[in-house]
Amino acid sequence: MRAVAVSAFGAEPELMDLPQPEPGPGEVLVAMAVAGLNPTDWKIADGMLKDAVPHSFPLVLGADGAGEVVAVGPDVRRCTVGDQVFGQFQLVGRGGGSYADYAIAAEDAVAPAPRNVTYATSAAVPTAGTAAYNLVEETRVAEGKRVLVVGATGGVGTFVTQLAAQRGAEVIATARAGSAELMGQFGAAATVDHTEGPVAQQVLAAHPDGVDILIDLVSGEAAFADMTQVVRDGGTVVSTVGAADTDMLIEHNLRGFNFVNRPSPQLLSILADQLDAGRLTVLITSEVQLEDAPAALARSRTGRAQGKTVIGL
């Protein structure tokens, strides 16, 4: 089968011809229709998890995807052959991922795909969508809260903006001027152009009383610490890139933490219902074929990508 994989940590991703995998106990084999690209895909290829879990090479890249179940392993209870599913397929210990004609997933890592959207839309959702939902839950976004989303135009950020606005929050999103109208359509009450000066200063100039919640998807430690000045006393801050110094936050009477996503099939089903009901919009900015996935990963490394990239199979 065709797959985009790396032969070692730090190696260039390349199109390979690899054996079709076989599902083990509790696993399903899916004929992939579309894979979704996330920054964690190239980070894993670089060795982000090398000290945490064993890896097998060649390592097929990609976590997210959607397709049709073509075989099931022993003890599978929820899935049958012919089911259309979406979810997460990264199994680094087996060298498996979603950038392939066929991929293995644990049964509890997939859910029935949304019925009213395309495979491409479904494949763009699992990692970014579950992260966004959990971020909104864990920061206790609610009606009347003012929320600053830093890195709002990326995959997670566009979902966070929509989900927070659905809960009645006033969302301030960082976005270049050209994306301000789009973020408004996603529910942002205001945008801040991070290219026009320090975000914290711009936010405080427009909102001297600050914000209740900071969800920062991109800032390093120094920039994140600076960003916390916009948060009201007793407010909540979260970093998705490990930039939060919890001791410092406690000293400033802020509730803060470094976010770790916890996806589940139940959460995937909630997102599928949102998609089917038209309450969640997926911003797909690039659709490429499998042979072009290495170039798409290189573009993702620049950090300037907006929305989601999907890979047709």
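Placed above this text is the structure.
Notes on the structure in this doc start here. Everything quoted here is computed from the prediction, not taken from an experiment.

This paragraph deals with the nonpolar core. In terms of nonpolar packing, the biggest core is built from 45 residues, with Phe86 and Ile215 touching the most fellow members. Of all elements in the fold, only helix H2 (119–123), helix H3 (126–138), strand E9 (146–150), helix H4 (155–166), strand E10 (170–174), strand E12 (211–216) and helix H9 (265–276) reach the threshold of two or more residues within this core. It is H3 that contributes the most residues to this core, 6 residues altogether. Among residues more than four places away in sequence, those in contact with Ile215 are Leu135, Thr139, Val147, Leu148, Val149, Val150, Val160 and Val238. Within the second largest apolar cluster, 24 residues are counted, among which are Met16, Leu37, Ala100 and Val288.

Approximately 220 Å³ is the volume attributed to the second largest pocket. Along the wall of the second largest pocket there are 16 residues; nearest its centre are Pro19, Pro21, Arg94, Gly95 and Gly96. Ranked by residues supplied to the lining of the second largest pocket, first place goes to strand E7 (residues 102–106) with 3 residues. Class assignment for the residues of the lining of the second largest pocket results in 12 nonpolar, 3 polar and 1 charged.

Let us now look at unusual backbone geometry. Looking along the chain, the bond that leaves Phe57 and enters Pro58 is cis, with omega of 0°. The residue Pro58 is located in the loop between helix H1 (39–46) and strand E4 (59–60) in this model. Of note in this structure, Asn253 is not a glycine but carries a positive phi near 55°. Turning to its location among the elements, Asn253 is positioned in the loop between helix H8 (246–251) and strand E14 (255–258).

This part takes up the packing of H3 against H9. Packing of H3 against H9 brings their axes to within 10 Å, and their N-to-C directions diverge by 95°. In terms of axis orientation, H3 runs roughly perpendicular to H9. In contact with Pro126, Gly129, Thr130, Tyr133 and Asn134 of H3, H9 contributes Leu267, Leu268, Ile270 and Leu271. In terms of residue class, the contact of H3 with H9 is made up of 6 nonpolar, 3 polar and no charged.

What follows is about the sheet that holds E4. An order of E2-E1-E4 is seen for the 3 strands of this open sheet, with the pairing classed as antiparallel. Bordering the open sheet on either side are strand E2 (14–17) and E4, each of which pairs with just one other strand. Direction of pairing for strand E1 (residues 2–6) relative to E4: antiparallel, over a ladder of 2 bridges. When the bridges of E4 are listed, Val6 appears paired with Leu59.

For the rest of this paragraph, the subject is the pattern of salt bridges. Within the structure shown, the criterion is met by 9 salt bridges. Measuring nitrogen to oxygen at the nearest pair gives 3.9 Å for the salt bridge that ties Asp276 to Arg115. In this pair, Asp276 sits in helix H9 while Arg115 sits in the loop between strand E8 (110–112) and H2, placing the two residues 161 residues apart along the sequence. Here Arg167 ties to Glu137 by a salt bridge, and the two come within 2.5 Å at their closest N and O atoms. Within this pair, whereas Arg167 is found in the loop between H4 and E10, its partner Glu137 is found in helix H3, the two being separated by 30 residues in sequence. Several salt bridges converge on common partners, so that one network encompasses Arg146, Glu170, Asp209, Asp212 and Arg232.

Take the pairing of E14 next. Bridge count between strand E13 (residues 231–239) and E14: 4 bridges; the pairing is parallel. By the bridge assignment for E14, Ser239 is matched with Asn258.

Among the residues making up helix H6 (residues 199–206), those that are buried are Val199, Ala200 and Val203. Across the axial projection of H6, the buried residues extend over an arc of 95°, all falling on one side. For H6, the exposed residues set more than 90 degrees away from the buried face come down to Gln201 and Ala205. Tucked into the core, H6 has its buried residues touching E9, E10, strand E11 (190–192), E12 and helix H7 (221–227).

Another point: the environment of Ala100. Mapped onto the fold, Ala100 is located in the loop between strand E6 (84–88) and E7. On the basis of relative accessible area, Ala100 is assigned to the buried category, the value being 0%. As for Ala100 and Gly312, which are separated by 212 residues in sequence, their C-alpha atoms are 9.7 Å apart. Excluding its chain neighbours within four sequence positions, the residues that come into contact with Ala100 are Met1, Arg2, Ala3, Met32, Val60, Leu290 and Leu313.

What follows deals with the pairing of E13. Of the strand pairs in this sheet, E12 and E13 are connected by 5 bridges, and their pairing is parallel. Residue Ile213 lies in a different strand from E13, and its bridge partner there is Thr236. Crossover E12 to E13 through H7 is right-handed.

About the thresholds
- The residue numbering used here restarts from 1 in each chain and proceeds along that chain's sequence as written.
- In keeping with the predicted nature of the model, local features appear solely for residues at pLDDT of at least 70, side-chain atom pairs appear and are counted solely at 80 or more, and the whole-chain, interface and lining totals rest on all residues.
- As a convention, hydrogens and water are excluded, and side-chain values are obtained from all of the structure's heavy atoms.
- Only buried Ala, Val, Leu, Ile, Met, Phe, Trp, Tyr and Cys residues count toward a nonpolar core, and they belong to the same one when joined by side-chain atoms within 4.5 Å.
- Note on exposure labels: buried denotes an accessible area under 20% of the residue type's maximum, exposed denotes more than 50%, and partly exposed covers the range between, all computed with a 1.4 Å probe on protein chains only.
- Elements are defined by DSSP. Helices are runs of H or I of four residues or more, strands are runs of E of two residues or more, and each kind is numbered from the N terminus.
- Should any heavy atoms of two residues lie within 4.5 Å, those residues are considered in contact.
- Method remark: on a 1 Å grid restricted to protein atoms, a set of points is classed as a cavity if a 1.4 Å probe fits but cannot get out and as a pocket if it is open with protein on both sides within 12 Å along at least five of seven lines; lining residues have an atom within 4 Å of a point.
- Grid points are joined across faces, edges and corners, and a volume is the space filled by probe spheres set on the points.
- Residues are grouped as follows: Ala, Val, Leu, Ile, Met, Phe, Trp, Tyr, Cys and Pro are nonpolar; Asp, Glu, Lys and Arg are charged; every other residue, Gly included, is polar.
- Between N-to-C directions, angles cover 0 to 180 degrees, with each direction set by a line fitted to C-alpha atoms, over the stretch in contact for helices.
- Our angle categories are set so that under 35 degrees counts as roughly parallel, over 145 as roughly antiparallel, 65 to 115 as roughly perpendicular, and the remainder as oblique.
- Should DSSP find at least two bridges between two strands, the strands are taken to pair.
- Salt bridge, as used here: a side-chain nitrogen of Lys or Arg that lies within 4 Å of a carboxyl oxygen of Asp or Glu.
- Note that the arc is computed from the directions linking the helix axis to the C-beta atoms.
- Here is how to tell: hold the view so the strands point away, follow the path from the first strand over the helix to the second, and if it runs clockwise the crossover is right-handed.

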